[in-house]
Amino acid sequence: MSGKAVEKAVYLGTFAHSKSLKELEIAHDAAIFVDESGKIVAVERGVADEAAAKSFFPKLNWTESQEKPIQIIKSKEEQFFFPGFIDTHIHASQYPNAGIFGKSTLLDWLNTYTFPLESSLSSLPTAHRVYARVIARTLSHGTTTAAYYATISVPATNLLADLCLAAGQRALIGRCCMDSLAPDYYRDAGPEESIAHTRATIAHIASIDPTHAIVKPIITPRFAPSCSSQLLTGLGKLQKETGLPVQTHISENKREIDLVAELFPQSKSYAEVYDSHGLLGPKTVLAHAVHITDEERALIKERGAGISHCPVSNAALSSGMAAVRTWLDDGINVGLGTDVSGGYSPSVLEAVRQALMCSRNLAMGEGGEEAERRKLSVEEALYLGTLGGAKVVGMEGRVGAFEVGMEWDAQLVGMEEVGLEGGFEGADGGAVDIFGWESWENKLAKWVFNGDDRNTLAVWVRGRLVHERRS
Ligand code: GUN
Ligand code: ZN
């Protein structure tokens, strides 16, 4: 089962997390008590030091012994605990191509860069090398949960699940289903094979993590153009039978949308293609949705599906700018996706930053109040990268914030205090320079706009330490 034993621990100091889309709470002198199952059992305020933290042990029925001391991990000056990021859309198999996309757009990008790379992962040593690195890399950026696309290969998809479980990264694992409009060297032979192979990965994941504490399967029709109607029907039935989540792409690129209209003439819209095949429901994660119509938005809201906003990829492949504010106004659940390697960066922090920039680029096309309204705030963008993402991947109440009953999926973030001389003092503490006059709201904004993995000092999933920055 899922890796190493977890001991009881106390996290002490400064914490920041979202209470809602608009409200980011920052607490100092707080203490979070995490039990050996990785669950938060208490959150206390006004806890100035270790002795004060220990005074809560009797109330929790916690006893310390010399053999079993309870670890107390305290944030230092200019450090804070933040919920682990949730990447609601990432192609693990495409990681070697991160940054390689030239001037391509979606459909030629798939044929030129993506399908050849993905097919090369049917070699297990290649898949091992790629998957081990993408897991380590995303953990180092604070991603504690990832909704992964693998490839069509069953053994390689199973390997991705094995490696996530061993590394302790929470993951949804999807074998790509595609039986149409893909090269002969890289596609499922037909709908029956595609469904049988998907069942095989579902069975494997159930065998290695029966309660899906860390890894869970996700049904993954790649996108409508690469799935026959029979395949979509079969996957809709499989969803109904298993209750598993679904992930796919929607309305990313205008030529893709035209193709869907040609391939599915009986459907009124792209969203309706998924809906009419039983694939649009509260457990569906729709990536991109850049060009969805008002009617599609209404349908997505009605079905309770979530959207993964992928601003880095949408800009890199020049797909378009998604009007995230309208989705939020509708009350649609929205999270962030890196969409590696349509997106060039495996960092959700980069997606947070680019979501902020995308909303400002859209605002520039508006005037007055509407321009203001379109802009996302730092608090809102951080919500999308944590709690918003948790809702999209069906983990609301479990991860994404620091509340009693949730699991300890967290990152310790640290920034550089600028010394009196001002210059570098040798250590590579990252690019966020703190002069000392900043409010904590200022500090978070500086982290969002200038931070990177050098600021991610430690990462935990379900109470287990899964990454520590080497200094
Ligand atoms: N649509 C179908 N497949 C893909 C993919 O791999 N990446 C992106 N961004 N869009 C897709
Ligand atoms: Zn994608």
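Residues numbered from 1 in each chain as written. Chains lettered and ligands numbered in written order. Predicted model: local features only at pLDDT ≥ 70, side-chain atom pairs only at ≥ 80, totals over all residues. Heavy atoms only, no water.

### A look at the sheet that holds strand S10 (residues 215–217)
Strand order in the open sheet formed by four strands is S6-S7-S8-S10, and the pairing between neighbours is parallel. Two strands lie at the open edges of the sheet, namely strand S6 (85–91) and S10, each paired on one side alone. Going across the sheet, the axis of each strand differs from the next one's by a mean of 15°, ignoring polarity. Bridge count for strand S8 (residues 170–174) against S10 is three bridges, and the pairing is parallel. Counted as the bridge partner of alanine 171 is valine 215 from S10. Each of S6 and strand S7 (143–149) touches helix H4 (residues 124–140); the most contacted strand, S7, lies at about 140° to it. Across the sheet, helix H5 (residues 154–167) lies against S7, S8 and S10, angled at about 175° from S8, the strand it touches most. (Pairing = 2+ DSSP bridges. Helix = DSSP H or I, 4+ residues; strand = E, 2+ residues; numbered from the N terminus. Axes fitted to C-alpha atoms, helices over the stretch in contact; angles between N-to-C directions. Contact = heavy atoms within 4.5 Å.)

### Here's the deal with the site of ligand 1
Close to ligand 1 lie His91, Gln94, Leu106, Trp109, Leu110, Arg222, Phe223, His249, Glu252, His288 and Asp339, which account for all nearby residues. The contact in question runs from an oxygen atom of ligand 1 to an N or O atom on the side chain of histidine 91, over 3.5 Å. Arginine 222 is positioned with one of its side-chain polar atoms (N or O) 2.7 Å from an oxygen atom of ligand 1. Out of a free accessible area of 280 Å², ligand 1 has 100% covered by protein chains. The residue makeup of the shell around ligand 1, split by class, is four nonpolar, four polar and three charged. (Near = heavy atom within 4 Å. Polar contact = N/O pair within 3.5 Å; in protein donor to acceptor, adjacent residues only side chain to side chain. Areas by Shrake-Rupley, 256 points an atom, 1.4 Å probe, with all protein chains shown as cover. Nonpolar A, V, L, I, M, F, W, Y, C, P; charged D, E, K, R; others polar.)

### Some thoughts on the nonpolar core
Counting residues in hydrophobic clusters, the biggest one holds 95 residues, and the most contacted among them are Leu382, Trp408 and Trp447. If sequence neighbours within four positions are ignored, tryptophan 447 has contacts with Phe80, Phe82, Phe85, Leu349, Arg353, Leu382, Gln411, Val413, Met415, Val432 and Asn455. One finds Ala92, Tyr95, Ile205 and Val215 within the second-largest nonpolar core, a separate group that totals 31 residues. (Core = buried A, V, L, I, M, F, W, Y, C linked by side-chain atoms within 4.5 Å. Buried < 20%, exposed > 50% of the residue type's maximum accessible area, 1.4 Å probe, protein only.)

### Focus: the coordination of the zinc ion (ligand 2)
Tetrahedral coordination by four donors puts the ideal angle at the metal at 109.5 degrees, and octahedral coordination by six puts it at 90 or 180 degrees. Protein-derived coordination of the zinc ion (ligand 2) comes from His89 (NE2), His91 (NE2), His249 (NE2) and Asp339 (OD), at a distance range of 2.0 to 2.2 Å. The site at the zinc ion (ligand 2) holds four donor atoms, and with the angles between them running 89 to 167°, its shape is irregular. Motif for the zinc ion (ligand 2), donor spacing along one chain: H-x1-H-x157-H-x89-D. Highlighted residues: histidine 91 in strand S6 and aspartate 339 in the loop between strand S15 (334–336) and helix H13 (348–363), separated in sequence by 248 residues. The burial state of histidine 91 is the same as that of aspartate 339; both residues are buried. (Donors = N, O, S within 2.8 Å, 3.2 Å for Na, K, Ca; no water. Tetrahedral: all angles 85-135°; square planar, octahedral: opposite > 155°, others 65-115°.)

### Quick word on the environment of leucine 465
As for its placement among the helices and strands, leucine 465 is situated in strand S20 (residues 464–468). Between the alpha carbons of leucine 465 and valine 6 there is a distance of 8.6 Å; along the sequence they are 459 residues apart. Leucine 465 has contacts with Ala458, Val459 and Trp460, leaving out every residue within four places of it along the chain.

### Quick word on H13
With 16 residues, H13 ought to run about 22 Å at 1.5 Å a step, and its terminal C-alpha atoms sit 22 Å apart, in line with that. Counting buried positions over the 16 residues of H13 gives 12, a clear majority of the element. Those residues of H13 not exposed but buried are Val348, Leu349, Glu350, Ala351, Val352, Arg353, Ala355, Leu356, Cys358, Ser359, Leu362 and Ala363. Near the N-terminus of H13, the side chain that reaches the backbone nitrogen of leucine 349, with its oxygen 3.1 Å away, is that of serine 347. (Expected span 1.5 Å × (residues − 1).)

### Digging into the pattern of salt bridges
Working definition: two side chains of opposite charge can pair if their charged atoms are close together. The tally for this structure, following the rule as stated, stands at 32 salt bridges. The salt bridge partner of glutamate 241 is arginine 199, with a shortest N-O separation of 2.8 Å. In this pair, glutamate 241 is assigned in helix H7 (residues 229–242) and arginine 199 in helix H6 (residues 191–208), connecting sequence segments 42 residues apart. Judged by relative accessible area, which is 54%, glutamate 241 ranks as exposed. On the accessibility criterion, arginine 199 (38% relative accessible area) is partly exposed. Aspartate 329 is paired through a salt bridge with arginine 373; the nearest N and O atoms lie 2.8 Å apart. Here aspartate 329 is found in helix H12 (residues 324–330), whereas its partner arginine 373 is found in helix H14 (residues 368–374), with 44 residues between them in sequence. The partly exposed category is assigned to aspartate 329, whose relative accessible area is 46%. Under the relative-accessibility criterion, arginine 373 is labelled partly exposed at 35%. A single network of salt bridges, built from pairs that share partners, joins Arg170, Arg398, Glu407, Asp409 and Arg462. (Salt bridge = Lys/Arg side-chain N within 4 Å of Asp/Glu carboxyl O.)

### A short note on the sheet that holds strand S12 (residues 246–250)
One open sheet accounts for four strands, arranged S12-S13-S14-S15; its pairing is parallel. Only two strands of the sheet have a single neighbouring strand rather than two, namely S12 and S15. Going across the sheet, the axis of each strand differs from the next one's by a mean of 30°, ignoring polarity. For S12 and strand S13 (residues 284–288), the ladder comprises five bridges, and the chain directions are parallel. Residue pairing across strands places glutamine 247 opposite valine 285, the latter belonging to S13.

### Examining the packing of H13 against helix H16 (residues 440–450)
To describe two helices that pack against each other, one gives the angle between their axes and the distance between the axes. The contact between H13 and H16 brings their axes to 8 Å, and the two run at 100°. Taken together, the axis directions place H13 and H16 in an arrangement best described as roughly perpendicular. Here Leu349, Val352, Arg353, Leu356 and Met357 of H13 lie close against H16, whose contacting residues are Trp447, Val448, Phe449 and Asn450. Looking at the contact of H13 with H16 residue by residue, the class counts come to seven nonpolar, one polar and one charged. (Parallel < 35°, antiparallel > 145°, perpendicular 65-115°, else oblique.)

### Considering the packing of aromatic side chains
Any pair of aromatic rings gets described here by the distance separating the centres and the angle formed by the planes. Throughout the structure, instances matching the rule amount to 22 aromatic pairs. With 6.5 Å between their ring centres and 70° between their planes, phenylalanine 15 and tryptophan 408 make a pair best called edge-to-face. Here tryptophan 408 lies in the loop between helix H15 (378–392) and strand S16 (410–414) and phenylalanine 15 lies in strand S1 (residues 9–18), a separation of 393 residues in the sequence. With a relative accessible area of 4%, phenylalanine 15 lands in the buried category. Through pairs of rings, three or more aromatic residues link up here, namely Tyr11, Phe15, Phe81, Phe402, Trp408 and Trp460. (Phe/Tyr/Trp six-rings, centres within 6.5 Å; stacked < 30°, edge-to-face > 60°.)

Everything listed is a geometric property; what it means functionally is a separate question.
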